[in-house]
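As a plain string of letters, each chain reads:
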Amino acid sequence: MNKEDIRHIANIAQIDFTDEELDKFAPSFDENIELVNKIKEIDTDGVEMVFQVNGTENNIREDKTRESLSQEEALENAATKKYGYFKLIKFVE
């Protein structure tokens, strides 16, 4: 993979690299791509699909309904608010 391909991927991920960082990063990026390609070659026919490999089961508490915050309470510590809602900075065009 060349530097321009890596720069393109980094741009999509919104990561800035200097040319020096790209020179250092390119070889390890190629190694990772090779590893992923090797993993893709593994024959998984007949292997049962699993979600948890260590037998852990869901240990999250049971959902319970209860009274929620009022709008005023929810906005109490808001840095900025507008029209009774949280005011957010638009960062996606």
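Residues numbered from 1 in each chain as written. Predicted model: local features only at pLDDT ≥ 70, side-chain atom pairs only at ≥ 80, totals over all residues. Heavy atoms only, no water.

In the predicted model, the protein carries a mean pLDDT of 87, and the fraction of residues at 70 or more is 99%. Averaged pLDDT values over the elements of the protein bottom out at 87 in helix H1 (residues 3-12) and peak at 94 in helix H3 (residues 71-75). (pLDDT = per-residue confidence, 0-100. Helix = DSSP H or I, 4+ residues; strand = E, 2+ residues; numbered from the N terminus.)

Looking now at the environment of Tyr85. Tracing the backbone shows Tyr85 in strand S2 (residues 85-86). Remark: the alpha-carbon pair of Tyr85 and Gln71, spanning 14 residues in sequence, is separated by 8.1 Å.

Under the 1.5 Å per step criterion, the end-to-end length of helix H2 (residues 19-40) is 31 Å for 22 residues, consistent within 8% with the ideal 32 Å. Listing the buried residues of H2 in full gives Leu22, Ala26 and Phe29. Close packing links the buried residues of H2 with H1. (Expected span 1.5 Å × (residues − 1). Buried < 20%, exposed > 50% of the residue type's maximum accessible area, 1.4 Å probe, protein only. Contact = heavy atoms within 4.5 Å.)

Assignment of secondary structure puts Glu41 in the loop between H2 and H3. For Glu41, a relative accessible area of 65% puts it in the exposed group. Spatially, the C-alpha atoms of Glu41 and Asn59 are 35 Å apart, while their sequence positions differ by 18 residues.

Moving on to the packing of aromatic side chains. Going through the model one piece at a time under the given rule, you end up with two aromatic pairs. With a centroid separation of 5.2 Å and an interplanar angle of 25°, the aromatic rings of Phe17 and Phe25 are classed as stacked. Residue Phe17 is classed as partly exposed on the basis of its relative accessible area of 28%. Pairing Phe25 with Phe29 gives two aromatic rings, centres 5.5 Å apart and planes at 50°, and the pair type is tilted. Linking Phe25 with Phe29, this pair stays in helix H2, spanning four residues, or about one helical turn. Of the residues examined, Phe29 reaches a relative accessible area of 15% and is grouped as buried. (Phe/Tyr/Trp six-rings, centres within 6.5 Å; stacked < 30°, edge-to-face > 60°.)

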